[in-house]
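# Close look at the chain arrangement
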Amino acid sequence: MTPSPTIVSGELAPTGQLSVSVKRTSRVGVPPWVPWAFVAPFLALFTIFVAIPALIALVASFTDVGVKNLRNLLSANFVGFDTFADVLGNTEFQRSVANTAQLVLLTVPITMAIGFALAIVLDSGLKQRGFYRAAFYLPVVTNIVGAAMIWRYAFANSGVINSMLENVGIGAQDWLSDPALAVPMVASLGIWRNIGIAMILFLAGLQSIPTELREAAAIDGAGYWRTMFGITIPLMRPTTLLVSVLLLIFFISIFEEPLLLTRGGPLGSTKSISYWIYDQFGYGNFSDALAGSFVLLMIVGVISFIQFRVLRPKT
Amino acid sequence: MKITSRRSSQAIVAGLAIVALTLTGCAGNGTAGVSSIDDAPATGVVEFWAGGSEGEALPEFIKQFEAENPEVTVNVTAIPAGELDAKLIAAIVAGTVPDMVFTYTQTQRSIFNTGGLAPMPEGLLNPDDFFEAAWDSNTIDGETLAVPWYVYALVFYYRKDLAEQYGIAAPTTWEGVREFAQAFQAQGVKKPIVLSTSYDQFSSEDLVAFSAQNGGSLLSADNTTWTLNTPENVAALEYWGSLFTDGYAATVGPDFMGMAPSFSAAESVGANYGQWFPSFLDEANGAGWSAENMGTVIPPAGPAGSFSAIGGGSLAVLKDAANPEAAWKLVRWMSSAATQSDWFDAFGNLPTVAEAWTLNSTIASDTLLDAVKAAVATGTYGPQVPNWTEVSNMLGAQMEKVARGTATAQEALDEAQTQAEAIGTGAE
């Protein structure tokens, strides 16, 4: 679709280099402002609701703005990187980073593995494919508040799960308030909610692999696993990258699951970075909350960059 | 925090503030309220934000005020209790404030700190009519920023019927609580005592009372320095923690709404709780159930005596209010002994005006309220500084370690003290 550059003149400069002047061709009758007009509504909304607030937030994160400055924002003081230093040195923040890292390490690989496995099954010509696809995708579109409340009731001390366990002779577990169980519980809710996304994306990736490649492999005598590791998985690199980045961004900023399921407890073991930021807003420590948000943004950026480097298509 | 390059920052912040204020469409310009309020009937519209279930009960109740002042309309907006502070802060920034608001004693200091509340006009009300502790909790540097509207005191509620049946006496001392719990355990009640296990600001409220009962305080007398890890507080927290580690209380106990079911089923039989408890139990089991089955005593005394954690709500008028005159007239009406007595009948919140306690026949005669009445007089509010909300949540998290036995009281309070010093009081 991009108009191709047309070389309108070329001459050999005295230095021996060929200098070429290029003029962009445009479609007849389409003035250059037309594309801008099409993106203008988006740009306007983006500027007002994303860019400007983000810029204000960035500047405010270098001040000590708090509750006391509310009626006169000018009374906040510029403190340079002090707020960032405070946040990074805060033991509760460090704890939330460690908690989040633990959740990410637990959830991302498992979600991807289950999503990939389901995609393989659905791709293999299952009969009620549409039904299963919808069923596994349902948690993605389910309201998290409702879902988390059902989990809370189900896993409560006198809830359905414990009653069932007691009936089969296994004792009741303190699912949501035993530190050893609460983290896996929060992780499970996150995984349950995201399997559908991973599955749909992997399924699309699988279906984009040309069947000729697999047929050729079959003719060459490759078995199921040989095809899987020799053809399917290597060709899924771009999809794997996409899924891993999406899941990472989701889980690194995980918030609703611990808020609704465990309130960050027990013993603060499920308090995530986002939850810490939320608390700071609640206490009126706006600059700390904003600085924490930008630290979170940087963590997401750096890890996503590494993922792109590691998983980029090999050519 | 350090102050560097204030001027350049002001330029940047000014530019952004203009953008922000343009976007929000308004700039608060702070008329400092009104200096005096006349006796003429209130007129105009009063926007009134009220949190919690009070917000739902008020519109009906305030019809009386509207009847007495035909020219006035009061619009009560009920806001979930947990969101009131955040909404109010956002409104103060945007300049789109209501005329008046009902704030909670525990968290109102951070609202005071915004500078968004108008001081009470001279002579509107007489401080001597109110309970002193309640009035003082709303006054900063001689300015009364809110008028105390109701008080509660946490006192010891217990299953009187079962105690009488088993011949167990109500506890009057810390040691008595252990004996009370042991006696009930012998009757098959596994965890007789309930302590606050939300491990947040409400658990800290337990420590406010236990610390006072042991002669301690969480904040220095001049409200400038946190004193969380003093020997008195460590011993108080040790006692609190021992009720868990000795097996008398569950580390995951009933929450606020779970108290009535737990006491109804006799899964727990003793707890420090507020005066709303009997009505919750009556709602679950039928009218008159509490009078028959529940007993109260003032909080079991520690070495320094019996002190109760008290709290409540206050009424405040905003500096940017559109109709402060009518709002103050509503505050005055709600602060009269007769209105407060009616409000107790309608909702059950205890008056802050001493006269209302004798005026109201229920308050004067309900024996379940005797302990509350005694406790309000000697009660102690939590630390009255803006950062108490943050410190109390942090402290609650440290208390969880003691309840679960993963840290000693000394370790938990040393850690809490370090963090509290980093947080500060917010008043400086």
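Structure shown above.
Please read these numbers as outputs of a predicted model, since none were measured by experiment.

Turning next to the overall build of chain A. Looking only at helices and strands, chain A features 13 helices and two strands. Since a compact globule built from 315 residues should have a radius of gyration of about 20 Å, the 26 Å found for chain A marks it as more spread out than a globular shape. C-alpha atoms of chain A, sized along the principal axes, occupy 85 × 75 × 40 Å. For chain A, the proportion of its 315 residues judged to be buried stands at 38%. Relative to all contacts within chain A whose residues are 6 or more apart in sequence, the contacts with residues 24 or more apart total 65%. For chain A, the exposed area adds up to about 17,800 Å²; of that, 69% sits on carbon and sulfur atoms. Taken as two groups, the 19 positive and 16 negative side-chain charges of chain A have centres that lie 10 Å from each other.

Summed over the entire model, instances satisfying the criterion amount to 48 aromatic pairs over all chains. Measuring from centroid to centroid gives 5.9 Å for Phe256(B) and Trp276(B), while their planes differ by 40°, and the two rings are tilted. Of the two residues, Phe256(B) is situated in the loop between helix H9 (231-245) and helix H10 (259-264) and Trp276(B) in the loop between strand E9 (270-273) and helix H11 (277-285); the sequence distance between them amounts to 20 residues. An aromatic cluster of at least three residues, connected via ring pairs, comprises Phe61(B), Phe65(B), Phe102(B), Tyr104(B), Trp149(B), Tyr150(B), Trp333(B), Trp343(B) and Phe347(B). It is Lys271(A) that lies over the ring of Tyr275(A); its NZ or CZ is 5.0 Å from the centre.

Okay, the side chain of Thr111(A) next. Residues and elements named next belong to chain A. If you trace the backbone, Thr 111 turns up in helix H3 (residues 91-123). On the basis of relative accessibility, which here comes to 0%, the residue Thr 111 falls in the buried class. Polar side-chain contacts of Thr 111 include one of 2.6 Å to the backbone oxygen of Thr 107. Apart from residues lying up to four places away in sequence, Thr 111 is in contact with Ile 191, Asn 194, Ile 195, Ala 198, Leu 247 and Phe 251.

Residue and element names in this part refer to chain B. Spatially, E2-E1-E3-E11-E6-E12 is the arrangement adopted by the six strands of the open sheet, whose pairing is mixed. Pairing within the sheet leaves two strands with one partner each, and these edge strands are strand E2 (72-79) and strand E12 (350-351). Of the pairings in the sheet, the one linking strand E1 (residues 44-51) to strand E3 (residues 100-104) comprises three bridges and is parallel in character. Bridge pairing in E3 places Ala 50 opposite Phe 102.

Before going further, it helps to spend a moment on the side chain of Asp99(B). All names here are of chain B. Looking at where Asp 99 falls in the secondary structure, it is placed in the loop between helix H3 (84-94) and E3. Residue classification places Asp 99 among the buried residues on the basis of a relative accessible area of 4%. Only 2.8 Å separates the side chain of Asp 99 from the backbone nitrogen of Glu 47, close enough to count as a polar contact. Within the structure, the side chain of Asp 99 is placed 2.8 Å from the backbone nitrogen of Asn 323, a separation counted as a polar contact. When neighbours within four sequence positions are excluded, Asp 99 is seen to be in contact with Val 45, Val 46, Glu 47, Ala 316, Val 317, Leu 318, Ala 321, Ala 322, Asn 323 and Ala 327.

A separate point is the pairing of E3(B). Residues and elements named next belong to chain B. Among the five residues in E3, five count as buried, and that is most of the element. Burial along E3 is two-sided: Met 100, Phe 102 and Tyr 104 facing one way and Val 101 and Thr 103 facing the other are all buried. Across five bridges, E3 lies against strand E11 (residues 310-317) in antiparallel orientation. Of the residues in E11, the one forming a bridge with Met 100 is Val 317.

Turning our eyes to something else, we now look at H9(B). Residues and elements named next belong to chain B. The end-to-end C-alpha separation of H9 is 20 Å, in line with the 21 Å expected for 15 residues at 1.5 Å each. Considered for burial, the residues of H9 that qualify are Asn 233, Val 234, Ala 236, Leu 237, Tyr 239, Trp 240, Gly 241, Ser 242, Leu 243 and Phe 244. In this fold, the buried residues of H9 make contact with helix H7 (174-186), helix H8 (201-213), helix H18 (388-403) and helix H19 (409-423). Where H9 terminates, the next one or two residues include Gly 247, which has phi positive at roughly 90°.

This next bit is on the nonpolar core. Residue and element names in this part refer to chain B. With 164 residues, the main nonpolar core has Phe 48, Leu 58, Met 100 and Leu 330 as its most contacted residues. Here Met 100 is in contact with Val 46, Glu 47, Phe 48, Trp 49, Leu 315, Ala 316, Val 317, Leu 318, Ala 327, Leu 330, Val 331 and Met 334, once residues within four sequence places are set aside. Core analysis: the second largest hydrophobic core is formed by 27 residues, Val 151, Ala 371, Val 372 and Ala 375 among them.

Moving on, we get to the packing of helix H2 (residues 82-89) of chain A against H3(A). Residues and elements named next belong to chain A. Orientation of H2 relative to H3, taken along the N-to-C sense of each, is 65°, at an axis distance of 5 Å. For the pair formed by H2 and H3, the contact residues are Val 87, Leu 88 and Gly 89 on the first element and Thr 91, Phe 93 and Gln 94 on the second. A class-by-class count of the residues in the contact of H2 with H3 yields three nonpolar, three polar and no charged.

Quick look at unusual backbone geometry now. In this structure, Arg263(A) takes a positive phi of about 55° despite not being glycine. For Arg263(A), the location among the structural elements is in the loop between helix H11 (256-261) and helix H12 (273-283). Even without being a glycine, Ala266(B) presents a positive backbone phi close to 60°.

In this section: the sheet that holds strand E7 (residues 155-159) of chain B. Strand pairing in a sheet relies on backbone hydrogen bonds. The paired strands run either parallel or antiparallel. All names here are of chain B. Spatial strand order, E8-E9-E7-E10: four strands in an open sheet with mixed pairing. Unpaired on one side and paired on the other, strand E8 (193-194) and strand E10 (294-297) mark the two borders of the sheet. The sheet contact formed by E7 and E9 spans four bridges and is antiparallel. Bridge pairing in E9 places Val 155 opposite Tyr 273. In this fold helix H17 (residues 370-378) packs onto E7 and E10, with an angle of close to 160° to the strand it touches most, E7.

Attention now moves to the pattern of salt bridges. Residue and element names in this part refer to chain B. Following the criterion strictly, the structure yields 11 salt bridges over all chains and no others. Where Arg 178 meets Glu 175, a salt bridge forms, and the shortest distance between an N and an O atom there is 3.7 Å. With Arg 178 and Glu 175 both in helix H7 and three residues apart, the pair spans about one turn of that helix. What emerges from the salt-bridge pattern is a single network uniting Glu 175, Arg 178 and Asp 246.

Before going further, it helps to spend a moment on the pairing of E7(B). All names here are of chain B. With respect to burial, E7 is a largely interior element, five of its five residues being buried. Relative to E10, E7 is paired through four bridges, and the arrangement is antiparallel. When the bridges of E10 are listed, Tyr 158 appears paired with Gly 295.

Residue and element names in this part refer to chain B. Note that Val 402 resides in helix H18. For Val 402, a relative accessible area of 6% puts it in the buried group. Val 402 sits 157 residues away from Thr 245 along the chain, and the two C-alpha atoms are 8.5 Å apart. Among residues more than four places away in sequence, those in contact with Val 402 are Leu 237, Gly 241, Thr 245, Ala 407, Thr 408, Ala 409 and Ala 412.

Conventions used here
- Residues numbered from 1 in each chain as written.
- Chains lettered and ligands numbered in written order.
- Predicted model: local features only at pLDDT ≥ 70, side-chain atom pairs only at ≥ 80, totals over all residues.
- Heavy atoms only, no water.
- Helix = DSSP H or I, 4+ residues; strand = E, 2+ residues; numbered from the N terminus.
- Rg over C-alpha atoms; globule rule 2.2 N^0.38 Å.
- Buried < 20%, exposed > 50% of the residue type's maximum accessible area, 1.4 Å probe, protein only.
- Contact = heavy atoms within 4.5 Å.
- Areas by Shrake-Rupley, 256 points an atom, 1.4 Å probe, with all protein chains shown as cover.
- Lys, Arg positive; Asp, Glu negative; His and termini not counted.
- Charge placed at Lys NZ, Arg CZ, Asp CG, Glu CD.
- Phe/Tyr/Trp six-rings, centres within 6.5 Å; stacked < 30°, edge-to-face > 60°.
- Lys NZ or Arg CZ within 6 Å of the ring centre and 35° of its normal.
- Polar contact = N/O pair within 3.5 Å; in protein donor to acceptor, adjacent residues only side chain to side chain.
- Pairing = 2+ DSSP bridges.
- Expected span 1.5 Å × (residues − 1).
- Core = buried A, V, L, I, M, F, W, Y, C linked by side-chain atoms within 4.5 Å.
- Axes fitted to C-alpha atoms, helices over the stretch in contact; angles between N-to-C directions.
- Nonpolar A, V, L, I, M, F, W, Y, C, P; charged D, E, K, R; others polar.
- Salt bridge = Lys/Arg side-chain N within 4 Å of Asp/Glu carboxyl O.

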